[in-house]
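# Notes for the structure review
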Amino acid sequence: MLLAVFMFALMDTAMKLLSARYPALQVAALRALCSLPLVAAYVAWRGAFRGIFRVRWSMHLLRGVLGILMLALFAYGLRQLSLAEAYSIFFIAPALITALSVLLLKERVNLARWIAIGVGMCGVLVVLRPSGAGFLTVGGLAVLASAGCYAISAITVRVLARTDRNEHTVFWLIVLIAVGGTALAAPNWVPIPASEIPLLSGLALSGFIGQLAITEAFSRGEASSVAPFEYSALAWGVGMDWLLWRALPDSWTLLGAAIIIGSGLYLIRHEKEHVEAEHP
């Protein structure tokens, strides 16, 4: 999981660099286009192309739309925010997933978990600082909306896991983002010079390795043990911000991140205790 988070931090750094020169939709399309050959090779290596078209198309199309929105909104947010600020807001995703599991999957969530979700949302408000003195910007709201898209997409994965192979789920997500994102970005497409090839290669490799690593992490370890390491992204984000942009998060961002991470860790621990109670 630590390797996965580091790779995704590199991927997001590449997206932030690209977002300064290209439209957000184009950055989302490039993220998928660059990874598509590697993903196709992986699916072939796993022997998973058999039955590749026998999937739940309605759910995959929904994931494709959500994926385009998530990447485009995140890329747009990265134009205005540092990586640390964007990660701090995006950390609300686990709480959103828990809340949506009640609405969409009819799962039970007790009062303690609802309180943790509410605390996490307060942490987001601390980071956004809607008083006007902070950065309640379109970029901050874009990252929050991106986290919402991610949370809904995570719910669809739970549903698809009942019928479709994981390889098919990953493959069609990348294909649909590549095709849909490119079509939407085409009217305002900015030509890409050959000098961008190293950055695009890094975008492809980091995203692909990160996906493999996170899949391996959750397949080998308990989710409650592995998931907390996702919060190491904040450390990588601070490091990248300092190395490339000489920027550091302020005290309000760190306080909000601490509140969000604390609520997220509580939800993860509570989930573990709930599972152990049901399956002693």
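Placed above this text is the structure.
Residues numbered from 1 in each chain as written. Predicted model: local features only at pLDDT ≥ 70, side-chain atom pairs only at ≥ 80, totals over all residues. Heavy atoms only, no water.

So, on to the nonpolar core. Side chains that are nonpolar tend, in soluble globular proteins, to be buried together. The biggest cluster of nonpolar side chains holds 80 residues, and the ones touching the most others in it are Phe91 and Leu203. What Leu203 contacts, discounting residues up to four positions off in sequence, is Met11, Ala14, Met15, Leu18, Leu30, Arg31 and Cys34. (Core = buried A, V, L, I, M, F, W, Y, C linked by side-chain atoms within 4.5 Å. Buried < 20%, exposed > 50% of the residue type's maximum accessible area, 1.4 Å probe, protein only. Contact = heavy atoms within 4.5 Å.)

Let us now look at the packing of aromatic side chains. Applying the stated rule across the entire model yields ten aromatic pairs. When the centroid spacing of 6.2 Å and the interplanar angle of 75° are considered together, the rings of Tyr42 and Phe208 count as edge-to-face. Taken as a pair, Tyr42 in helix 2 (residues 24-45) and Phe208 in helix 9 (residues 197-220) lie far apart in primary sequence, 166 residues in all. Considering the side-chain rings of Phe90 and Tyr150, the 5.5 Å spacing of their centres and the 55° angle between planes classify their relative orientation as tilted. Of the two residues, Phe90 sits in helix 4 (residues 83-90) while Tyr150 sits in helix 7 (residues 138-160), which places them 60 residues apart along the sequence. On the accessibility criterion, Tyr150 (33% relative accessible area) is partly exposed. Members of the aromatic cluster, connected to one another through ring pairs, are Phe49, Phe53, Trp57, Phe171 and Trp172. Between the NZ or CZ atom of Arg246 and the centre of the ring of Trp242, over which it lies, the distance is 5.0 Å. (Phe/Tyr/Trp six-rings, centres within 6.5 Å; stacked < 30°, edge-to-face > 60°. Helix = DSSP H or I, 4+ residues; strand = E, 2+ residues; numbered from the N terminus. Lys NZ or Arg CZ within 6 Å of the ring centre and 35° of its normal.)

This paragraph deals with the pattern of salt bridges. Here the structure, examined in full by the defined rule, presents four salt bridges. Linking Glu167 and Arg165 is a salt bridge whose minimum nitrogen-to-oxygen distance equals 3.3 Å. Owing to a relative accessible area of 9%, Glu167 belongs among the buried residues under this scheme. Note on Arg165: relative accessible area 36%, which makes it partly exposed. The shortest N-O distance in the salt bridge between Glu216 and Arg220 comes to 2.1 Å. With a gap of four residues between them, Glu216 and Arg220 both fall in helix 9, about one helical turn apart. (Salt bridge = Lys/Arg side-chain N within 4 Å of Asp/Glu carboxyl O.)

What follows covers the packing of helix 1 (residues 2-19) against helix 3 (residues 57-80). In the contact formed by helix 1 and helix 3, the axes pass within 8 Å of each other and the chain directions differ by 70°. With respect to helix 3, the axis of helix 1 lies roughly perpendicular. Relative to helix 3, helix 1 is oriented so that their crossing is right-handed. Residues Asp12, Met15, Lys16 and Ser19 of helix 1 touch helix 3, and the partners they reach there are Leu71, Phe74, Ala75, Leu78 and Arg79. Per-class residue counts for the contact of helix 1 with helix 3 are five nonpolar, one polar and three charged. (Axes fitted to C-alpha atoms, helices over the stretch in contact; angles between N-to-C directions. Parallel < 35°, antiparallel > 145°, perpendicular 65-115°, else oblique. Left-handed = near helix turned anticlockwise from the far one by under 90°. Nonpolar A, V, L, I, M, F, W, Y, C, P; charged D, E, K, R; others polar.)

A few words on the environment of Val43. Counting through the fold element by element, Val43 comes out in helix 2. As for Val43 and Leu128, which are separated by 85 residues in sequence, their C-alpha atoms are 40 Å apart. Ignoring anything within four residues of it in the chain, the contact list for Val43 reads Ala48, Phe49, Glu167 and Phe171.

Right, let's talk about the environment of Ser58 for a bit. With respect to the helices and strands, Ser58 occurs in helix 3. Along the primary structure Ser58 and Gly181 are separated by 123 residues, whereas in three dimensions their C-alpha atoms are 18 Å apart.

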